[in-house]
Amino acid sequence: MTAPAPRKPAEHVERVLCVLAHPDDVDFGSAGTVATWTAAGTEVTYCIVTDGDAGGFDETPRERMGPLRRDEQRAAAAAVGVTDVRFLGYPDGRLELTLDLRRDISRVIRQVRPQRVLTSSPERWYERVGASHPDHMTVGESTLRAVYPDARNPFAFPELLADDGLEAWTVDEVWLGASPRADHAVDVTDVVELKFAALKSHVTQVSHVEDLEAFVTGWMAQTARRFGLPDGRLAEAFHVVHTA
């Protein structure tokens, strides 16, 4: 018996929800991909779980950091065609896998009703441990649990229907960034300047980094080579999980 061919992601979807832990997470790993989606007419929503108030590299007062990073994320989103940016306000660096977090992500899924969700991998990547921030893994696992079974189960978190009027919703596929088992690459060469504009919007995080563009370009060129793209191309990679 011949094994079935691997399922490929949908060529186009109407709505995508990106759920990430911190402002700038989506831009380092996925802004080029997001730019290709918005250019194709897909509506993209960002759900950022924390305000990133534990980030930065200088003496900016902590009470100012969260509002600054919210503004930076909104500017970065606009650079790649995203206008709907939502923040859940959880504490940066202290995320835990809780029912409250699953419920709050499920609420946004039911509000947005996306066919595709992009989030961070819940797996630790030992060869790139910097990508495996505990908040990233917690958000990835919480989002996967919200996708299946919470958001689609009308009896899970019944208050979402009773209080908010939000019907159950089934997400077709989840794209996991920073995954040790990535199996799909997106060529972002033609939109890379939009990605750089998004990244540079995060002034509190990257303004001290020398050769940011060179660093990120090298990273994406390596990804493109790994997936067999022609020389000179740049790519972002994901593990695509079919969830419907």
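The name given to the protein in an unreviewed UniProt entry is N-acetylglucosaminyl deacetylase, LmbE family, with the source organism recorded as Geodermatophilus amargosae.

A separate point is the side chain of His136. With respect to the element layout, His136 can be found in helix α4 (residues 134-150). Of the polar contacts made by the side chain of His136, one reaches the backbone oxygen of Ala131; its length is 3.1 Å. Excluding anything up to four places from it in sequence, His136 contacts Ala21, His22, Asp25, Ser120, Ser121 and Ala131.

Moving on to helix α2 (residues 62-79). Given a rise of 1.5 Å per residue, 18 residues ought to cover 26 Å, and the 26 Å separating the end C-alpha atoms of α2 matches this to within 8%. Residues of α2 that are buried: Met65, Gly66, Arg69, Glu72, Gln73, Ala76 and Ala77. Within α2, the buried residues cover an arc of 135 degrees as seen down the axis, which keeps them to one side. Pointing more than 90 degrees away from the buried face of α2 are the exposed residues Glu63 and Ala78. Buried positions along α2 lie against α1 (25-39), β2 (43-50), β3 (84-90), α6 (192-200) and α7 (203-206). Directly beyond the C-terminal end of α2, a positive phi value near 85 degrees is found at Gly81.

What counts, and where the lines are drawn
- Residues numbered from 1 in each chain as written.
- Predicted model: local features only at pLDDT ≥ 70, side-chain atom pairs only at ≥ 80, totals over all residues.
- Heavy atoms only, no water.
- Helix = DSSP H or I, 4+ residues; strand = E, 2+ residues; numbered from the N terminus.
- Polar contact = N/O pair within 3.5 Å; in protein donor to acceptor, adjacent residues only side chain to side chain.
- Contact = heavy atoms within 4.5 Å.
- Expected span 1.5 Å × (residues − 1).
- Buried < 20%, exposed > 50% of the residue type's maximum accessible area, 1.4 Å probe, protein only.
- Arc of directions from axis to C-beta.

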